[in-house]
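Here's the letter readout for the chains.
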Amino acid sequence: MVLKISKNLISLKPGDKVYVNNRNKNMVLFVVGKNDITKGLRVLGAHIDSPRIDIKQNPLYEKDGFVLLDTHYYGGIKKYQWVTIPLSMIGVVIKKDGTVIDINIGEKDDDPVFGVSDLLPHLAADQLKKTASEVIAGENLDLTFGSIPLKDEEKDCVKANILRLLKDQYDIEEEDFLSAEIEVVPSGKARDYGLDKSMILGYGHDDKCCAYTSLRAILDMNDVDYTSCCLLVDKEEIGSMGATGAQSVFFENSVAEVLNLCNHTSYLDLKRTFTNSKVLSSDVSNGFDPLYPEVCERKNSAFLGNGIVFNKYVGARGKSSSNDANAEYVAEIRKIMDESDIYFQTAEVGKVDQGGGGTISCYMANYNMDVIDAGIPILNMHAPYEVLSKVDLYEAYQAYKVFLQKA
Ligand code: MN
Ligand code: MN
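Residues numbered from 1 in each chain as written. Chains lettered and ligands numbered in written order. Predicted model: local features only at pLDDT ≥ 70, side-chain atom pairs only at ≥ 80, totals over all residues. Heavy atoms only, no water.

## Considering a nonpolar patch on the surface
- A grouping of Leu119, Leu120 and Leu123 is seen on the molecular surface, where their side chains present a nonpolar patch of about 280 Å² in accessible area.
- With respect to the element layout, leucine 123 can be found in the loop between strand E8 (100-105) and strand E9 (143-146).
- Residue classification places leucine 123 among the exposed residues on the basis of a relative accessible area of 59%. (Patch = residues over 30% accessible without salt bridge, like charges linked within 9 Å, V, L, I, M, F, W, Y side chains within 5 Å. Areas by Shrake-Rupley, 256 points an atom, 1.4 Å probe, with all protein chains shown as cover. Salt bridge = Lys/Arg side-chain N within 4 Å of Asp/Glu carboxyl O. Helix = DSSP H or I, 4+ residues; strand = E, 2+ residues; numbered from the N terminus. Buried < 20%, exposed > 50% of the residue type's maximum accessible area, 1.4 Å probe, protein only.)

What follows is the structure in structure tokens.
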């Protein structure tokens with residue numbers, strides 16, 4: 001039985017499945033274990049936000065016969081990759097009376113798509129002298145939104161027509177963009193990649209490929225010794241801030257609610273539960289790219305098709321800001337994976353001082369839990385379309401299940 005945590009819920013028993021939804025952006029799911037919950041949790045933590053382009057609060061403007069939407073990109077993107085490709089708009093507009101209007105344009109075959117224009121090469125001589133980080137300015141990532149003028153309108157007639165369409169089709173006024181969250185993402189489905197179909201091309205593999213496999217793993221659990229948990233967080237790509245990010249006390253509060261339903265009401269019991277817990281921070285890693293071998297050190301790199309990848313640490317400039325998993329925990333994870341015939345590899349994010357990255361692992365570790373990064377190596381990370389190996393996707397799913405059952 002799957003239950004939502006609420007005031008009506010009185011107690012939980014082993015095998016019960018409960019979840020908490022935080023503002024429709026962040027969620028935690030539990031399967032209650034046979035052991036007393038204070039013996040610790042087994043946690044799979046992944047993030048469900050991905051790099052993208054967000055619509056600004058005052059986005060609409062008309063210029064030279066076009067209506068455009070002003071945007072602000074979200075997360076670490078190479079801006080030049082996001083121009084001249086079909087884009088969809090996904091999100092919500094919340095009216096002042098609380099009415100929720102769902103926006104989903106660009107995913108159906110007969111939907112229009114949107115895009116960001118770029119210069120023709122014939123006139124790009126000056127543009128092409130700029131560095132790659134400057135060639136597309138952040139303020140130039142504006143979305144082309146329409147071009148037909150409204151009849152008998154004198155000023156901003158194209159914008160007037162767009163406002164009419166927004167009113168007719170969605171019951172949205174221009175001011176309603178103030179309380180909207182509309183995300184602009186690459187349009188289209190994930191596809192098989194390579195003639196042998198060994199890989200998958202898709203938007204947002206970081207980190208939906210680890211979130212999906214973690215979710216599947218927790219949904220598959222029925223009777224577990226330790227209370228199992230899948231935490232799906234928002235805002236990782238901008239630093240895990242906010243009420244729905246990994247730095248929020250939402251996870252702690254939710255665990256406290258579950259403890260309460262297991263007849264543990266003391267703060268000390270909550271703290272002991274955390275101290276006894278173990279976590280796989282399920283996040284993607286950079287796959288070794290044969291076109292760019294110079295940024296990696298081969299022995300400590302993840303290769304597509306070699307299985308789930310464990311990062312003892314990530315970080316940058318001497319492991320800075322990284323969760324460096326303790327060796328005892330790495331040994332335990334190695335043993336479980338070997339005994340269960342899971343293909344795994346270990347890696348760092350690139351060679352020393354090449355760059356680096358972060359995940360939610362350091363925030364999970366702040367609860368004094370054992371944490372290690374464990375995910376899927378991908379190519380083209382943070383590009384509109386990322387690539388993963390089906391082998392690694394499957395091995396990650398198996399590894400997450402084995403972790404919940406045996407760690
Ligand atoms: Mn990630
Ligand atoms: Mn990322």
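From this point on, the discussion continues.
## Digging into the sheet that holds strand E22 (residues 386-389)
- Pairing in this open sheet of five strands is mixed, and the strands run E11-E12-E22-E21-E15 from one edge to the other. Strand pairing shows two members of the sheet lacking a second neighbour, strand E11 (191-193) and strand E15 (285-286), which therefore form its edges.
- Where strand E12 (residues 199-202) meets E22, four bridges bridge the pair, whose relative direction is antiparallel. Note on E22: the bridge partner recorded for glycine 202 is glutamate 386.
- Packing of helix H2 (residues 205-220) onto the sheet brings it into contact with E12, strand E21 (377-379) and E22, and relative to E22 it is tilted by some 35°.
- Together, E11, E12, E21 and E22 form the strand contacts of helix H7 (residues 390-406), whose direction differs from that of E22 by roughly 65°. (Pairing = 2+ DSSP bridges. Contact = heavy atoms within 4.5 Å. Axes fitted to C-alpha atoms, helices over the stretch in contact; angles between N-to-C directions.)

## Description of the coordination of the manganese ion (ligand 2)
- The manganese ion (ligand 2) binds to the protein through Asp206 (OD), Glu237 (OE), Glu237 (OE) and His382 (NE2), with metal-donor distances spanning 2.0 to 2.5 Å.
- Positions of the donor residues of the manganese ion (ligand 2), expressed as sequence spacing, correspond to D-x30-E-x144-H.
- Residue class for aspartate 206 comes out buried when judged on its relative accessible area of 3%. (Donors = N, O, S within 2.8 Å, 3.2 Å for Na, K, Ca; no water.)

## Here's the deal with the coordination of the manganese ion (ligand 1)
- Looking at the manganese ion (ligand 1), the protein donor atoms are His47 (NE2), Asp206 (OD), Asp283 (OD) and Asp283 (OD), and they sit 2.1 to 2.6 Å from it.
- The sequence pattern describing where the donors of the manganese ion (ligand 1) fall on their chain is H-x158-D-x76-D.

## Observations regarding unusual backbone geometry
- Aspartate 206 connects to aspartate 207 through a cis peptide bond whose omega is 10°.
- Residue position: aspartate 207 is located in helix H2.
- Notably, serine 240 is not glycine yet its phi reads approximately 60°, a positive angle.
- Looking at the secondary structure, you find serine 240 in the loop between strand E13 (227-233) and helix H3 (250-261).
- Since its relative accessible area comes to 1%, serine 240 is described here as buried.

## Section: a negative patch on the surface
- Taken together, the side chains of Asp152, Glu153, Glu154 and Asp156 define an acidic patch exposed on the protein surface.
- Using a relative accessible area of 79% as the deciding quantity, one classes glutamate 154 as exposed. (Lys, Arg positive; Asp, Glu negative; His and termini not counted. Charge placed at Lys NZ, Arg CZ, Asp CG, Glu CD.)

## With respect to the sheet that holds strand E6 (residues 66-74)
- Strand order in the open sheet formed by six strands is E8-E7-E10-E5-E6-E9, with antiparallel pairing between adjacent strands. Two strands bound the open sheet, and with one partner strand each, they are E8 and E9. Between one strand and the next, the sheet's axes are offset by a mean angle of 30°, whatever the strand orientation.
- Here strand E5 (residues 52-63) runs beside E6; their pairing, made up of eight bridges, is antiparallel. Pairing of tyrosine 61 across the sheet is with leucine 68, part of E6.
- Sheet contacts for helix H1 (residues 157-170): E5, E6, E8 and E9; angle to E5, the most-contacted strand, approximately 130°.

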